[in-house]
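So you can see what is in the structure, the chains are spelled out below.
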Amino acid sequence: MADLQSQDYIRRSASTMTPPSIRNHEQEVAKLIDVSRCIGCKACQSACMEWNNLRGEVGHFEGSYDNPSDLNPSNWTLMRFTEWENEQGNLEWLIRKDGCMHCEDPGCLKACPAPGAIVQYANGIVDFISENCIGCGYCVKGCPFDIPRISPVDHKSYKCTLCSDRVGVGLEPACVKACPTGAIMFGSKTDMKSWAGERVEDLKSRGFDEAGLYDPPGVGGTHVMYVLHHADRPSLYAGLPDKPRISPLVAVWKGIFKPLALAGMAFGVVAGFLHWIVQGPNEVQPEDEAHAAALIDPPDGKQ
Amino acid sequence: MTYMRGTLIRNTTATRINHWITGACFVLLMLSGLSMFDPVTFFLSGLFGGGQSTRAIHPWIGLVLVLSYCGLIVQFWRDNLPSRDDWAWMKAFGRVLVNEEEGVPELARFNAGQKFVFWSMTLLIPVLFATGIVIWDVYFSPYTTIETQRIAVLTHAAAASAAILVWITHVYAALWVKGSMRGMTQGYVTPGWAWRHHRKWLRRLVAAGSRGPTPRSGGRARGP
């Protein structure tokens with residue numbers, strides 16, 4: 001599908017040049033996570049650690065099934081468990097595999113100040129190119145889903161790569177491979193949407209009237225999508241944003257403010273230069289010195 | 001430091017060292033900050049050894065600047081208090097701009113433009129410090145929410161841009177008004193310079209028999 005060459009970039013952080021993007025026959029990919037089929041076994045978490053050679057520090061029990069308790073630089077995906085009592089008074093155990101959503105319009109990439117530290121491939125995968133990362137944490141502020149984590153070890157930002165290295169050689173992501181129930185599917189975005197359609201149909205026939213696909217338009221759609229039994233209330237699932245979008249603060253900062261500020265500075269310098277060539281310097285005149293001398297040493301000798 | 005005979009002391013040695021530490025920090029902060037602000041200025045990070053080290057060193061320089069600027073506040077605040085002359089000077093600003101001295105009021109140690117620079121920086125530097133702490137990711141990211149950090153990063157950029165504009169004004173004014181630069185490098189100005197730009201200051205020094213920088217300073221305007 002894709003390899004990891006710059007020819008495949010369609011977006012590149014902090015770059016004024018448009019990437020070449022000469023390979024234009026790539027299909028957009030997507031991972032579809034069917035929450036209704038997830039049993040919370042964490043095989044995906046293990047597979048992720050295994051493929052990416054990550055071993056986080058062993059933590060402490062925090063009173064929840066979430067283990068570890070949060071995403072971290074060596075834990076790029078996490079099962080989040082929510083116990084929810086529905087309108088009928090029944091308990092629903094909602095389990096959501098959290099991780100990078102691979103937004104079509106990535107807030108992290110928009111916020112990133114390091115050229116080429118965040119790229120988006122033509123297949124839609126948003127990838128962090130660690131060698132270019134400066135560790136500023138702007139991606140954290142740009143992300144609408146609170147995903148990137150800065151490593152205190154090498155001061156670089158990490159998150160799910162959608163196994164871009166596996167996808168690049170025609171394999172599915174490690175979590176997809178490991179899932180025992182088929183709750184995680186991978187393929188072209190079109191195929192995944194039509195598969196999701198079938199799943200939603202099925203869920204509705206079983207009484208989940210509000211079942212639906214989570215592919216939020218606020219970020220241009222995502223390349224990781226969820227099938228939710230309660231698609232009308234995504235936030236039930238451990239705070240999945242109902243209407244995610246790039247924060248207006250980040251949009252203003254990286255949108256209008258940046259060129260405006262630079263133009264202002266350039267204007268200041270040019271205005272100074274113009275003043276210099278039009279009015280010139282303000283020089284002390286001999287008569288100023290004479291006046292001052294007369295003040296300091298009055299001619300009549302009195303001081 | 002020995003000052004040239006017959007001149008006035010505009011800034012003491014301590015003030016000058018304090019000023020130039022601040023100035024050096026400001027320039028370094030501007031270069032490193034701009035490199036993290038826009039792709040066209042990212043190359044400036046090369047001056048600091050690359051993106052990672054630029055990101056790491058910028059806040060430490062900021063810390064030095066804050067301490068150093070506190071010194072300038074202590075030394076300059078009194079002479080920067082607003083006075084009636086400021087308003088008159090602002091009304092005559094059109095004349096000031098065209099190097100016309102007629103109709104410009106006599107001024108004490110600082111004019112309203114210099115006071116504007118002082119108070120702008122006195123306001124902006126604490127803002128930059130506070131917002132800078134919030135976005136100093138390595139040490140302080142766990143203490144604030146991401147939303148707070150978003151506000152801080154935008155405010156930091158806005159305050160920094162304002163400070164850079166003030167700095168451009170400050171530097172240009174020093175180049176424009178001849179003799180000012182020497183007042184901050186070697187520390188002295190000629191009596192004629194004082195007569196032309198800060199006549200009230202000159203009169204007070206002469207009346208007090210002081211050589212500067214303030215009437216309370218020791219020494220005489222001219223040895224008998």
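Cut-offs used in this document
Residues numbered from 1 in each chain as written. Chains lettered and ligands numbered in written order. Predicted model: local features only at pLDDT ≥ 70, side-chain atom pairs only at ≥ 80, totals over all residues. Helix = DSSP H or I, 4+ residues; strand = E, 2+ residues; numbered from the N terminus. Rg over C-alpha atoms; globule rule 2.2 N^0.38 Å. Buried ≥ 20, exposed ≤ 12 C-beta atoms within 10 Å, placed from the backbone. Contact = placed C-beta atoms within 7 Å. Pairing = 2+ DSSP bridges. Axes fitted to C-alpha atoms, helices over the stretch in contact; angles between N-to-C directions. Domains from an automatic or database assignment. Parallel < 35°, antiparallel > 145°, perpendicular 65-115°, else oblique. Left-handed = near helix turned anticlockwise from the far one by under 90°. Nonpolar A, V, L, I, M, F, W, Y, C, P; charged D, E, K, R; others polar. Core = buried A, V, L, I, M, F, W, Y, C linked by C-beta atoms within 7 Å.

**Q** Quick question: what am I supposed to make of the overall build of chain A here?
**A** When its secondary structure is counted, chain A shows eight helices and eleven strands. In terms of overall dimensions, chain A is more spread out than a globule: its C-alpha atoms have a radius of gyration of 28 Å, far above the 19 Å expected for 303 residues. Counting only C-alpha atoms, chain A reaches 110 × 50 × 40 Å along its principal axes. Expressed as a percentage of its 303 residues, the buried residues of chain A come to 41%. A separation threshold of at least 6 residues defines the contact pool for chain A, and within that pool the share at least 24 residues apart is 63%.

**Q** Would you mind showing me how to read the sheet that holds strand 1 (residues 9-12) of chain A here?
**A** Neighbouring strands of a sheet are bound in pairs by backbone hydrogen bonds; such pairs are parallel or else antiparallel. All names here are of chain A. The strand order across the open sheet formed by three strands is 1-5-6, and the pairing between neighbours is antiparallel. The open sheet is flanked by strand 1 and strand 6 (126-128), the only strands paired with a single partner. With direction set aside, neighbouring strand axes in the sheet form an average angle of 30°. Both strand 5 (residues 118-121) and strand 6 contribute to a ladder of three bridges, which runs antiparallel. Residue pairing across strands places Val119 opposite Asp127, the latter belonging to strand 6.

**Q** I'm lost on the sheet that holds strand 10 (residues 212-214) of chain A in this one. Help?
**A** Residue and element names in this part refer to chain A. With mixed pairing, four strands are arranged side by side in an open sheet as 9-2-11-10. Strands at the two margins of the open sheet, each flanked by one partner only, are strand 9 (184-188) and strand 10. The average undirected angle you get between the axes of adjacent strands in this sheet is 25°. One ladder, built from five bridges, connects strand 2 (residues 29-34) with strand 9; its direction is antiparallel.

**Q** For this particular structure, what's the right way to read the domain arrangement of chain A?
**A** Segmenting chain A into domains produces domain 1 (6-230) and domain 2 (252-296). Summarising the inter-unit geometry, the C-alpha centres of domain 1 of chain A and domain 2 of chain A are found 53 Å apart.

**Q** I keep staring at the packing of helix 2 (residues 51-76) of chain B against helix 5 (residues 112-134) of chain B and nothing clicks. Help me out?
**A** How two helices sit against one another is set out by the angle between their axes and by the gap between those axes. Residue and element names in this part refer to chain B. Contact geometry of helix 2 with helix 5 gives a least axis separation of 10 Å together with a crossing angle of 150°. In terms of axis orientation, helix 2 runs roughly antiparallel to helix 5. Seen along the crossing, helix 2 lies across helix 5 with a hand that is left-handed. Residue-level contacts link Pro59, Gly62, Val66, Tyr69, Ile73 and Phe76 of helix 2 to Phe118, Met121, Thr122, Ile125, Leu128, Phe129 and Gly132 of helix 5. A class-by-class count of the residues in the contact of helix 2 with helix 5 yields ten nonpolar, three polar and no charged.

**Q** I tried to follow the pairing of strand 11 (residues 224-228) of chain A on my own but got confused; where do I start?
**A** Side-chain positions along a regular strand alternate between the two faces of the sheet. All names here are of chain A. In terms of residue burial, strand 11 counts as a mostly covered element, since five of its five residues are buried. Taking every second residue as pointing to the same face, both faces of strand 11 are buried, with Val224, Tyr226 and Leu228 on one and Met225 and Val227 on the other. Inspection of the sheet shows strand 2 paired to strand 11 by four bridges, in the parallel sense. Paired with Ile33 across the strands is Tyr226, a residue of strand 11.

**Q** What am I meant to see in the environment of B:Leu202 here?
**A** Tracing the backbone shows B:Leu202 in helix 10 (residues 199-208). Sequence spacing of B:Leu202 and B:Pro191 is eleven residues, and the spatial spacing of their C-alpha atoms is 7.4 Å. Look past the residues within four positions of B:Leu202 in its chain and what remains in contact with it is A:Ala292, A:Leu295, B:Pro191, B:Ala194 and B:Trp195.

**Q** Just to check I follow, could you spell out the interface of chain B and chain A for this structure?
**A** In many analyses, interface size is given as the accessible surface area lost on bringing the parts together. Each partner contributes residues to the interface: chain B has 43 residues there, and chain A has 43 residues. Counting residues per element, the ones that place at least two in the side of chain B that touches chain A are helix 2, helix 6 (137-140), helix 7 (146-176), helix 9 (191-197) and helix 10 of chain B. Grouping the constituent residues of the side of chain B that touches chain A by class yields 26 nonpolar, ten polar and seven charged.

**Q** I'm lost on the nonpolar core in this one. Help?
**A** Nonpolar side chains tend toward joint burial in soluble globular proteins. Counting residues in hydrophobic clusters, the biggest one holds 97 residues, and the most contacted among them are A:Val35, A:Cys112 and A:Ile118. The greatest single-element share of this core, amounting to nine residues, is contributed by helix 7 of chain B. Ignoring any residue separated from it by four or fewer positions in sequence, one finds A:Ile118 in contact with A:Ser13, A:Pro106, A:Cys108, A:Leu109, A:Cys112, A:Val126, A:Phe128 and A:Cys139. Ranked by size, the runner-up nonpolar core spans 16 residues in total, among them B:Trp89, B:Ala112, B:Ala194 and B:Trp195.

**Q** Teacher, can you tell me more about the pairing of strand 2 of chain A here?
**A** Most of strand 2 of chain A is tucked away: six of the six residues are buried. Residues of strand 2 of chain A alternate between two faces, with A:Val29, A:Lys31 and A:Ile33 on one and A:Ala30, A:Leu32 and A:Asp34 on the opposite face, all of them buried.

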